[in-house]
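Fold and geometry: a report
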Amino acid sequence: MKTLYRKLVDSHAVAVLDAQNVLLFCDLHLMNEYTSPQAFAGLHEQGRGVPLPGQNVAVVSHIIPTHPVMKRVINDPASALQASNLKRNCERHRIPLFDTNDVLQGIEHVVAPEHGMVRPGMVILCGDSHTTTYGALGALGFGIGTSEVEHVLATQTLVYRLAQDMHIRIDGQLPPGTTAKDLILMVIGRISAQGARGFVVEFSGSAIDALSIEARFTLCNMAVEAGARGALIAPDARAIDHVLQRAPDIDTAERDMALAHWATLRSDAGARFDVTHRFNAGEVVPHVTWGTSPDQVLPIDGLVPGVDPASDAATQRSTAQALRYTRLAVGAALAGTPVQHVFIGSCTNGRIEDLRAAADVVRGRRVAAGVRAMVVPGSGAVKSQAEAEGLAALFTGAGFEWRQPGCSMCLAMNDDVLADGVRCASTTNRNFEGRQGRGAITHLMSPAMAAAAAVTGRLIDVRSLEPVHG
Ligand SMILES: CC(C)[C@H](C(=O)O)[C@@H](O)C(=O)O
Ligand code: SF4
């Protein structure tokens with residue numbers, strides 16, 4: 001009787017090293033410009049090569065400028081060097097690369113599944129924490145450090161310490177106006193940013209079954225913000241369709257074998273989880289963070305909390321510091337807080353369904369005076385799809401900036417940086433101090449909620465917007 005997680009580990013264990021560690025085979029190794037340079041340098045120092053270049057792929061994601069011009073030139077010398085290093089290294093080792101000016105370039109976690117690279121049952125590694133995203137398709141993905149990137153390049157394996165099994169079961173129906181983003185923010189708020197530390201989480205239940213694949217990406221992407229070492233959803237017919245539509249290389253014979261294998265990718269009835277949590281999706285309301293950790297989050301009708309004298313000293317300190325940083329008054333309503341910036345994008349919420357959800361709110365409305373709002377699609381493919389559907393025209397017509405794809409203001413490693421004190425409604429995944437710019441204040445929320453903030457200039461429950469007439 002095994003959990004899905006243990007099945008994936010066991011089927012990829014090249015060797016058992018001891019009771020806690022295995023040598024894990026990696027089916028797909030993704031790389032970005034930021035965490036790969038030292039790994040390649042180490043590889044070259046030791047005179048090693050890359051034995052399986054076809055099982056590696058690289059994407060320029062983080063440092064890339066997104067201003068809306070055709071040709072993208074990286075002006076910052078250090079960033080330009082990272083991009084040119086990645087190109088040189090990929091050429092040298094014959095590793096496929098989505099380079100700066102590739103029309104399909106984007107955020108690594110948006111690009112990889114678009115091309116059918118992510119398949120159920122795979123182990124996928126990347127020097128990036130949001131690799132947990134791929135659990136949405138039944139693949140075990142997680143982030144690794146730069147020295148591990150080097151190890152994977154050289155051997156296509158990783159020395160891996162086993163995690164514990166957590167089951168998060170979510171039944172019930174998400175109410176209208178709420179999304180997977182609200183659900184995962186609620187879960188993180190309840191179990192805390194450390195709540196899944198040391199665990200791989202398997203999500204299941206009727207609410208999960210009802211989610212689109214893109215919504216499942218959002219959920220698994222943010223599981224790492226609860227400390228999870230991986231997130232999984234057993235692949236169902238919807239996940240399998242999603243993969244097959246994007247993997248034309250699978251011929252009929254392979255397809256039958258693949259389908260038979262994928263059907264086994266679920267936790268056995270009676271498999272034991274170390275911890276189980278249960279939630280009711282029917283209770284979900286739009287959520288917004290108020291602090292500087294994703295678990296400092298409240299329903300939009302919540303009041304900014306004060307320091308709880310009953311909490312431990314560390315929590316008291318971090319609450320006080322978060323309140324200082326976000327400049328919110330204890331006891332004030334979160335709703336109504338003015339924002340100066342809105343950012344719609346990232347590997348959490350930069351996919352086509354996210355842009356459609358934001359567009360549905362924006363249609364017939366305009367960006368509020370004094371607000372700067374931008375949409376940064378997660379990839380070139382998302383961008384052209386949104387343009388073909390008329391979403392780009394809708395956004396620009398309403399006063400949004402329509403940008404080129406990349407990580408952008410999710411972590412401000414390019415030139416999309418907010419000024420000190422600017423408050424931003426953001427569809428990203430981390431509200432850490434300084435993440436969107438020194439002194440900039442981030443409120444995490446869903447695309448619909450961010451769009452509502454853009455058109456009203458404040459944090460607001462999207463469900464309370466007056467209908468648009470005419
Ligand atoms: C730059 C990269 C290493 C980092 C990560 O690991 O997640 C980034 O993508 C982030 O979201 O903070
Ligand atoms: S979009 Fe944000 S979270 Fe995702 S990989 Fe880029 S920086 Fe990291």
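Residues numbered from 1 in each chain as written. Chains lettered and ligands numbered in written order. Predicted model: local features only at pLDDT ≥ 70, side-chain atom pairs only at ≥ 80, totals over all residues.

The subject of this paragraph is the overall build of the protein. If you tally the helices and strands in the protein, you get 16 helices and 19 strands. Considered along the principal axes of its C-alpha atoms, the protein spans approximately 55 × 55 × 45 Å. Within the protein, residue pairs in contact and separated by at least 24 positions form 78% of the contacts whose partners lie at least 6 positions apart. (Helix = DSSP H or I, 4+ residues; strand = E, 2+ residues; numbered from the N terminus. Contact = placed C-beta atoms within 7 Å.)

The subject of this paragraph is the domain arrangement of the protein. Along its sequence, the protein is organised into domain 1 (4-276) and domain 2 (287-464). The straight-line distance from the C-alpha centre of domain 1 to that of domain 2 is 24 Å. With 37 residues of domain 1 at the contact, the number on the domain 2 side is 40 residues. The set of elements that each furnish at least two residues to the side of domain 1 that touches domain 2 consists of α4 (108-114), α6 (180-191) and α8 (213-223). Here the element with the most residues in the side of domain 1 that touches domain 2 is α6; it accounts for six residues. Considering only residue class, the side of domain 1 that touches domain 2 consists of 15 nonpolar, 16 polar and six charged. (Domains from an automatic or database assignment. Nonpolar A, V, L, I, M, F, W, Y, C, P; charged D, E, K, R; others polar.)

Okay, the sheet that holds strand β10 (residues 199-204) next. Think of a sheet as strands paired side by side through backbone hydrogen bonds, with each pair either parallel or antiparallel. The four strands are arranged β11-β10-β9-β12 in an open sheet whose pairing can be described as parallel. Single-partner strands in this sheet number two, and they are β11 (230-232) and β12 (275-280). Direction aside, the axes of adjacent strands within the sheet are offset by 20 degrees on average. Sheet analysis places β10 next to β11, joined by three bridges and oriented parallel. In the sheet register, valine 200 faces β11, and the bridge partner there is glycine 230. (Pairing = 2+ DSSP bridges. Axes fitted to C-alpha atoms, helices over the stretch in contact; angles between N-to-C directions.)

What follows deals with the sheet that holds strand β16 (residues 372-375). As summarised here, the arrangement of the five strands in space is β17-β16-β15-β18-β19, forming an open sheet in which the pairing is parallel. Edge positions in the open sheet fall to β17 (401-402) and β19 (441-444), since each of these has one partner strand only. As paired strands, strand β15 (residues 341-344) and strand β18 (residues 423-426) are joined by three bridges and run parallel to one another. Residue pairing for β18: histidine 341 is matched across the bridge by cysteine 424. Lying over the sheet, helix α16 (residues 447-456) contacts β15, β16 and β18, oriented at roughly 150 degrees with respect to β15.

Their axes nearest at 8 Å, the elements helix α13 (residues 352-362) and α16 cross at an angle of 35 degrees. At the point where α13 passes α16, the crossing takes the right-handed sense. For the pair α13 and α16, the contacting residues are Asp354, Ala357, Ala358, Val361 and Val362 in the first and Pro447, Ala448, Ala450, Ala451, Ala452 and Val455 in the second. (Left-handed = near helix turned anticlockwise from the far one by under 90°.)

The interhelical angle for the contact between helix α2 (residues 37-45) and helix α5 (residues 146-155), taken along N-to-C directions, is 50 degrees, at an axis separation of 8 Å. Viewed along their axes, α2 and α5 adopt a mutual orientation that is oblique. The way α2 lies across α5 gives a crossing that is right-handed. Facing α2, whose interface residues are Gln38, Ala39, Gly42 and Leu43, α5 presents Thr146, Val149, Glu150, Leu153 and Ala154. A class-by-class count of the residues in the contact of α2 with α5 yields five nonpolar, three polar and one charged. (Parallel < 35°, antiparallel > 145°, perpendicular 65-115°, else oblique.)

Our focus in this paragraph is the site of ligand 2. As a matter of local geometry, ligand 2 sits amid 13 residues, with Ser346, Cys347, Cys407, Cys410 and Leu411 nearest to it. The residues that make up the shell around ligand 2 include at least three from each of domain 1 (4-276) and domain 2 (287-464). (Near = placed C-beta within 6 Å.)

Here α8 lies mainly inside the structure; 10 of its 11 residues are buried. Listed in full, the buried residues belonging to α8 are Glu214, Ala215, Arg216, Phe217, Thr218, Leu219, Cys220, Asn221, Met222 and Ala223. In the core, the buried residues of α8 are packed alongside α4, α6, β10, β11, α12 (346-349) and α13. (Buried ≥ 20, exposed ≤ 12 C-beta atoms within 10 Å, placed from the backbone.)

A word on the confidence of the model for the protein. Residues shown with low pLDDT carry predicted positions that ought not to be read at fine detail. Put simply, the protein has an average pLDDT of 97, and 100% of its residues get 70 or more. Confidence metrics for the complex model read pTM 0.98 and ipTM 0.98. (pLDDT = per-residue confidence, 0-100.)

Let us look at the environment of glutamine 245. Its location among the elements puts glutamine 245 in helix α9 (residues 237-245). Sequence separation of glutamine 245 and histidine 115 is 130 residues, and the distance between their C-alpha atoms is 9.5 Å.

Time to look at the pairing of strand β8 (residues 157-161). Side chains Leu158 and Tyr160 project from β8 onto a buried face, and the interleaved Thr157, Val159 and Arg161 project onto a face without burial. Here strand β2 (residues 21-25) pairs with β8 via five bridges, running antiparallel. The residue of β8 that forms the bridge with leucine 24 is leucine 158.

This part covers unusual backbone geometry. Leaving glycine out, the prevailing phi sign among residues is negative, and the prevailing peptide bond configuration is trans. If you check the backbone angles, glutamine 156 has positive phi at about 60 degrees while not being a glycine. Position of glutamine 156 among the secondary structure elements: in the loop between α5 and β8. Assessed through the 21 C-beta atoms surrounding it within 10 Å, glutamine 156 is described here as buried. Even without being glycine, serine 192 reaches a positive phi, approximately 85 degrees. Among the structural elements, serine 192 can be located in the loop between α6 and β10. Judged by C-beta crowding, with 16 C-beta atoms within 10 Å, serine 192 ranks as partly exposed.

Most of strand β3 (residues 28-32) sits inside the fold, with five of its five residues counted as buried. Neither face of β3 is open: one carries Leu28, Leu30 and Asn32, the other His29 and Met31, and all of them are buried. Here β3 runs beside strand β6 (residues 123-126); their pairing, made up of three bridges, is parallel. Directly across from leucine 28, in β6, lies its bridge partner isoleucine 124. For the crossover that starts at β3, traverses α2 and ends in the parallel strand β4 (residues 56-59), the hand is right-handed. (Right-handed = clockwise from strand over helix to strand, strands pointing away.)

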